[in-house]
Amino acid sequence: MTVRLQIGKLNVYRNASPEELSELHLSDRLMVQLIKIDRLGPRIEGMAYRAKFDEACGILESVRVYALCTVVQLMIPGSLRRN
């Protein structure tokens, strides 16, 4: 069953009582709670973007620190390695 079809069928339980919800399978009850959240799709996309952004910033920071250390090493007399 597609997600849209499943949401359509479970949407009738949006305002159901706890007793009515208890008749549903656990995964269906979860889905009912999820469809109650306003703009869930964009919110999840935003959280995923933020996680990827933070990871990318961490990588860039590591590269920046490595580059800075390399520059400092080059500035210290006698620190150049000669082949």
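Residues numbered from 1 in each chain as written. Predicted model: local features only at pLDDT ≥ 70, side-chain atom pairs only at ≥ 80, totals over all residues. Heavy atoms only, no water.

## As for the confidence of the model for the protein chain
Per-residue confidence for the protein chain gives a mean pLDDT of 86; residues scoring 70 or more make up 92%. Within the protein chain, no element has a lower average pLDDT than helix H1 (residues 3–10), which sits at 82, and none a higher one than helix H2 (residues 18–22), at 93. (pLDDT = per-residue confidence, 0-100. Helix = DSSP H or I, 4+ residues; strand = E, 2+ residues; numbered from the N terminus.)

## Structural notes on unusual backbone geometry
Even without a glycine there, the phi angle at Arg 39 is positive, about 55 degrees. Looking at the element boundaries, Arg 39 is found in the loop between helix H3 (26–35) and helix H4 (40–75). Look at Arg 39 and you get exposed, because its relative accessible area is 57%. (Buried < 20%, exposed > 50% of the residue type's maximum accessible area, 1.4 Å probe, protein only.)

## Here we look at the packing of aromatic side chains
Two descriptors summarise a pair of aromatic rings, namely the distance from one centre to the other and the angle between the planes of the rings. Summed over all chains, the structure comprises one aromatic pair. For the ring pair Tyr 49 and Phe 53, a centre distance of 6.2 Å and an interplane angle of 20 degrees mean the geometry is stacked. Pair noted here: Tyr 49 and Phe 53 are both in helix H4, with a separation of four residues, about one helical turn. Since its relative accessible area comes to 58%, Tyr 49 is described here as exposed. (Phe/Tyr/Trp six-rings, centres within 6.5 Å; stacked < 30°, edge-to-face > 60°.)

## Quick notes on a nonpolar patch on the surface
Together, Leu 30, Leu 34 and Ile 37 make up a nonpolar patch on the protein surface, roughly 230 Å² of accessible area in all. Along the chain, Ile 37 falls in the loop between H3 and H4. The class of Ile 37 is partly exposed, set by a relative accessible area of 34%. (Patch = residues over 30% accessible without salt bridge, like charges linked within 9 Å, V, L, I, M, F, W, Y side chains within 5 Å. Areas by Shrake-Rupley, 256 points an atom, 1.4 Å probe, with all protein chains shown as cover. Salt bridge = Lys/Arg side-chain N within 4 Å of Asp/Glu carboxyl O.)

## Quick word on the pattern of salt bridges
All told, the structure shown has two salt bridges when counted by the stated rule. Of the charged contacts in the structure, one is a salt bridge between Arg 50 and Asp 54, with a shortest N-O distance of 3.1 Å. Taken together, the positions of Arg 50 and Asp 54, both in helix H4 and four residues apart, correspond to about one turn of that helix. The partly exposed category is assigned to Asp 54, whose relative accessible area is 39%. Two residues, Arg 64 and Glu 61, come together in a salt bridge whose shortest N-O distance is 2.6 Å. Of the two residues, Arg 64 and Glu 61 are both situated in helix H4; the distance of three residues between them amounts to about one turn of the helix.

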